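Structural overview for review
Residue strings, one per chain:
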Amino acid sequence: TGSLQPGSKFVQDKQSKDGDGWSNEIHCFDIPSGLWTVPPTTGQGPPPASGFTFTRVDLVRAVFFGGVNAEIMRSVADVFILNFEIWHWTALLPAGPSQLWPVGRCFHTAFSLYDPDSNPPHPCLAVAAGMAGGGTPLRDMWALSIDEQYWEEIPLLPPSFTARWYHTSGVIHKSSTQATAVFFGGCPKNPNNYTSASDRPCIAQTAAVDFVLEPSKAIPGKSTGWTASVRDST
């Protein structure tokens, strides 16, 4: 066993006989050198967690969203932004109880609606599906305006987009106003309804979702202007 990164936490799994658990350490892999580093971070970072996403949204920032908070063992909708130019964490909190915010979830997917390499002026994170508290599969989709710090629910996708968790997704940025995300697989059922280890049906459904930015629909602080439509679902 090794020592924890300074300032990090570890929550042990009480059911594990091997001392397994969850941590909130951050490690960096340098591809050219093939070496791992442990950068010291400042600010308010995420707790030990699992089932979260960590997505780059521009040249210097990545967004940590959701997952199971291991300190309370509950799915959350927490947002933490890491500036990896200075290795500083910032927590994004609701401005009040009336602010629109997605339900807590884990095993979802997330991606940047803009090409992060283009250093977009208004970076935007998309979050799709996942598993809510109690094991309920989700089929919703949300967009987070990083700099204006508000969430917008993208209009409900058609029934052909199945509720799912444990799925994968990838995104192609066609231009500054167009992107296509492809979703594949996942589990469509509440895991609490499984009767045995073999009763875990996964789906092989593929869904292509086109995103289009319509500036005329953008409302500062309320709407990002992004719309979504399912092109194909097989």
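The rules behind these values
Residues numbered from 1 in each chain as written. Predicted model: local features only at pLDDT ≥ 70, side-chain atom pairs only at ≥ 80, totals over all residues. Heavy atoms only, no water. Pairing = 2+ DSSP bridges. Helix = DSSP H or I, 4+ residues; strand = E, 2+ residues; numbered from the N terminus. Buried < 20%, exposed > 50% of the residue type's maximum accessible area, 1.4 Å probe, protein only. Polar contact = N/O pair within 3.5 Å; in protein donor to acceptor, adjacent residues only side chain to side chain. Contact = heavy atoms within 4.5 Å.

Further remarks concern the sheet that holds strand E8 (residues 61–65). In sheet architecture, strand pairing relies on hydrogen bonds along the backbone and comes in two forms, parallel and antiparallel. Reading across from one edge, E5-E12-E11-E8-E7 is the order of the five strands in this open sheet, with mixed pairing throughout. In this open sheet, the two strands that pair with only one neighbour each are strand E5 (42–43) and strand E7 (53–56). Sheet analysis places E8 next to strand E11 (residues 79–83), joined by five bridges and oriented antiparallel. Bridged to Phe-65 within E11 is Val-79.

With respect to the helices and strands, the residue Asn-190 is situated in the loop between strand E18 (178–184) and strand E19 (206–213). Classification of Asn-190 as buried rests on a relative accessible area of 15%. Within the local environment of Asn-190, its side chain forms a polar contact with the backbone oxygen of Gly-134, the two atoms lying 3.0 Å apart. One polar contact links the side chain of Asn-190 to the main-chain carbonyl oxygen of Gly-135, over a distance of 3.4 Å. Not counting residues within four places of it along the chain, the set of residues in contact with Asn-190 comprises Gly-134, Gly-135, Thr-136 and Pro-137.

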